[in-house]
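What follows is each chain in one-letter form.
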Amino acid sequence: MKLVIQRVSEASVIINEDKVADIKKGLLVLLGIVDDDTSEDIDWLTKKLINLRIFADESGVMNKSVKDINGDIIVVSQFTLHALTKKGNRPSYIKAAKPDVAIPLYEAFIKQVQVDLGKSIQTGQFGADMKVALINDGPVTIIIDSKNKG
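Right, let's walk through the structure included here. (Residues numbered from 1 in each chain as written. Predicted model: local features only at pLDDT ≥ 70, side-chain atom pairs only at ≥ 80, totals over all residues. Heavy atoms only, no water.)

**With respect to the packing of aromatic side chains**
- For the coordinates displayed, the defined rule picks out 2 aromatic pairs.
- Ring centres 5.0 Å apart and planes at 80 degrees place the aromatic pair F79 and Y93 in the edge-to-face group. Linking F79 in the loop between β6 (72-77) and α2 (99-117) with Y93 in the loop between β6 and α2, this pair joins segments that are 14 residues apart in sequence.
- The interplanar angle of 55 degrees and the centroid separation of 5.7 Å between the aromatic rings of Y106 and F126 together place this pair among those described as tilted. Residue Y106 is located in helix α2, and its partner F126 is located in the loop between β7 (122-123) and β8 (130-145); the two are separated by 20 residues in the primary sequence.
- Under the relative-accessibility criterion, F126 is labelled partly exposed at 27%. (Phe/Tyr/Trp six-rings, centres within 6.5 Å; stacked < 30°, edge-to-face > 60°. Helix = DSSP H or I, 4+ residues; strand = E, 2+ residues; numbered from the N terminus. Buried < 20%, exposed > 50% of the residue type's maximum accessible area, 1.4 Å probe, protein only.)

Here it is, written out as structure tokens:
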């Protein structure tokens, strides 16, 4: 399971001209899932995500988490995070989990983030053609892969 975490001053998701998610200060999280991801990956990543200290404290030092600042989160599924690009110019997505595996893990990830954060979060829609807009604050972008815990 792979996350691309972007600290944002605002972010939104539009599907078929309808705004389905809209936040101010917080995190836009792109989530990529592979077939061998498990609930252990979810538990480890959600704790990392919620406690990642990438927001400024009173001294301007990145020392606060999204939970500390009562920030919001949007989670968007993105299978292209697992693109293989070694051969040719057309990425292969063979490593990305198919919907029958990915959807339950995506939904479990969202539920666990809400439990860990202590409030509801917003999401895109799995498999939809989404227009994701954001203002990256910093810019701050962090990539975390649950296969690289060590």
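Let us keep going from here.
**Remarks on the environment of S92**
- As for its position among the elements, S92 is in the loop between β6 and α2.
- Each C-alpha atom, one on S92 and one on T80, is 8.8 Å from the other, the two residues being 12 residues apart in sequence.
- Aside from chain neighbours lying at most four places away, what touches S92 is H82, A83 and L84.
- Within the structure, the side chain of S92 is placed 3.4 Å from the backbone nitrogen of I94, a separation counted as a polar contact. (Contact = heavy atoms within 4.5 Å. Polar contact = N/O pair within 3.5 Å; in protein donor to acceptor, adjacent residues only side chain to side chain.)

**A few points about the nonpolar core**
- Counting residues in hydrophobic clusters, the biggest one holds 28 residues, and the most contacted among them are L27, L49, I73, V75 and F109.
- Listed by contribution, the elements that provide at least two residues to this core are β1 (2-15), β3 (26-32), α1 (39-51), β6, α2 and β8.
- Of the residues forming this core, the biggest block, 7 residues, is contributed by α2.
- The contact partners of V75, leaving out residues within four places of it in the chain, are V29, L31, Y106, F109, I110, I121, Q122, T123 and G124.
- Within the second largest apolar cluster, 13 residues are counted, among which are V13, I23, I74 and V76. (Core = buried A, V, L, I, M, F, W, Y, C linked by side-chain atoms within 4.5 Å.)

**Considering the pairing of β6**
- Burial of β6 is extensive: 5 of the 6 residues sit out of reach of the surface.
- Both β6 and β7 contribute to a ladder of 2 bridges, which runs parallel. Counterpart to I74 in the pairing with β7 is Q122. (Pairing = 2+ DSSP bridges.)

**Points about α1**
- When the terminal C-alpha atoms of α1 are compared, their 18 Å separation across 13 residues agrees well with the 18 Å that a helix rising 1.5 Å per residue should span.
- Among all positions of α1, only D41, I42, L45, T46, L49 and I50 are buried. Summarising the axial view, the buried residues of α1 lie within an arc of 140 degrees, below the 170-degree limit, and thus occupy one face.
- Looking at the packing, one finds that the buried side of α1 touches β1, β3, β6, α2 and β8.
- Where α1 begins, the side chain of T38 points an oxygen toward the backbone nitrogen of E40, at a separation of 3.2 Å. (Expected span 1.5 Å × (residues − 1). Arc of directions from axis to C-beta.)

**With respect to the side chain of H82**
- Within the element layout of this structure, H82 appears in the loop between β6 and α2.
- Taking relative accessible area as the criterion, H82 reaches 5% and is therefore assigned buried.
- Only 3.1 Å separates the side chain of H82 from the backbone oxygen of G32, close enough to count as a polar contact.

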